[in-house]
Amino acid sequence: MKTKGFRWAACIVVAVGLTISVCALAQTPRHLNLRGTLSDYTTQDMPATVAGPWEVRGTWSLFVRGEKADFSAAVDMVHSDQGVFKNGASDYDTGKGRNPHTHHISLEDGTVTAIPGGFRITGGKVTITINGNNPPPFGPNSALQIDVTGGNTVDPSNIAVTFLDDAVAHFGAQPLHGVVRSADKDDHDRR
């Protein structure tokens, strides 16, 4: 009898311990400062008014503080080779055919939620400029969804930034992908 009761108690302790461990893994750290790069192409099936596809390259930073986060990115966009060809240009070597421009993108006070393998940031105030001007031609009402995930060796390692609302007209509906280059975990609020 005592052995049976002890086994049940041991099973309950192990189950509770595993539950706590799994829950802890699904949570984001209290404070996390990430930096990295975006390097991707917009989709080929963008509206004709957008004249894509575009190459998108730039740097980003993300500061998570509990259940809130701030994100910023500075990116360059130029027509890809296919974008130059598709839009009737034959000038692959100068700015005229590539149509270079810049965007500063920020999200303040986004909400952090756990997803499999990482976390997602949504909501908050989003600001996007084009060549330093706001609002951009595609409109002032944009939103972002940012997914930060990791692999089995590097955690976190990947970022995917999906543009929503007005920004879809320029960036497309597919996420832009990038890499995490540095991750600092601490208990200090940098705000």
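Residues numbered from 1 in each chain as written. Predicted model: local features only at pLDDT ≥ 70, side-chain atom pairs only at ≥ 80, totals over all residues. Heavy atoms only, no water.

**Examining the nonpolar core**
One finds Trp60, Leu62, Phe71, Phe119, Leu144, Ile146 and Phe163 to be the most contacted residues of the largest nonpolar core, which totals 31 residues. Residue contacts for tryptophan 60: discarding those within four places in its chain leaves Leu34, Arg35, Gly36, Thr37, Leu38, Phe71, Ser72, Ala73, Ile159, Val179 and Val180. (Core = buried A, V, L, I, M, F, W, Y, C linked by side-chain atoms within 4.5 Å. Buried < 20%, exposed > 50% of the residue type's maximum accessible area, 1.4 Å probe, protein only. Contact = heavy atoms within 4.5 Å.)

**Regarding the pairing of strand β9 (residues 176–185)**
Of the pairings in the sheet, the one linking strand β1 (residues 31–41) to β9 comprises seven bridges and is antiparallel in character. Considered in β9, the bridge of leucine 32 is made with lysine 185. Judged from the four bridges that link them, strand β8 (residues 158–165) and β9 form a sheet pairing that is antiparallel. By the bridge assignment, valine 161 is partnered in β9 with leucine 176. (Pairing = 2+ DSSP bridges. Helix = DSSP H or I, 4+ residues; strand = E, 2+ residues; numbered from the N terminus.)

**Some words on the pattern of salt bridges**
This model, assessed by the stated rule, comprises four salt bridges. The partner of aspartate 70 in a salt bridge is arginine 65, and the shortest N-O contact between them spans 3.2 Å. One salt bridge in this structure joins arginine 120 and aspartate 147, with 2.6 Å as the shortest N-O distance. Here arginine 120, found in strand β5 (residues 118–122), pairs with aspartate 147, found in strand β7 (residues 142–149); they are 27 residues apart in sequence, far enough to count as distant. Here the salt bridges do not stand alone but share partners, grouping Arg65, Asp70 and Asp109 into one network. (Salt bridge = Lys/Arg side-chain N within 4 Å of Asp/Glu carboxyl O.)

**Comments concerning the confidence of the model for the protein chain**
Of all residues in the protein chain, 77% attain a pLDDT of 70 or more, and the chain-wide mean is 82. Contacts of residues 13–26 to residues separated by more than four positions or lying in other chains number one contact, the stretch itself having pLDDT below 50. (pLDDT = per-residue confidence, 0-100.)

**Describing the packing of aromatic side chains**
Applying the stated criterion across every chain yields a total of three aromatic pairs. Geometrically, the ring pair formed by tryptophan 60 and phenylalanine 71 is stacked, given 6.3 Å between the ring centres and 25° between the ring planes. You can see tryptophan 60 sitting in strand β2 (residues 54–65) and its partner phenylalanine 71 sitting in strand β3 (residues 68–79), a full 11 residues away along the chain. We note that tryptophan 60, like phenylalanine 71, is buried. Taking 5.9 Å as the distance between ring centres and 75° as the angle between the ring planes, the aromatic pair formed by phenylalanine 138 and phenylalanine 171 counts as edge-to-face. With phenylalanine 138 in the loop between β6 (125–128) and β7 and phenylalanine 171 in helix α4 (residues 168–171), this pair connects stretches of sequence that are 33 residues apart. Each member of the pair, phenylalanine 138 together with phenylalanine 171, is buried. Pairwise contacts between aromatic rings join Phe138, Phe163 and Phe171 into one cluster. Lying over the aromatic face of tyrosine 41, arginine 57 brings its terminal NZ or CZ to 5.0 Å of the ring centre. (Phe/Tyr/Trp six-rings, centres within 6.5 Å; stacked < 30°, edge-to-face > 60°. Lys NZ or Arg CZ within 6 Å of the ring centre and 35° of its normal.)

**A closer look at the pairing of β7**
Pairing of β5 with β7, which is carried by four bridges, proceeds in the antiparallel orientation. The residue bridging glycine 118 from the neighbouring strand is threonine 149, located in β7. Bridge count for β7 against β8 is eight bridges, and the pairing is antiparallel. Opposite leucine 144, over in β8, you have phenylalanine 163 as the bridge partner.

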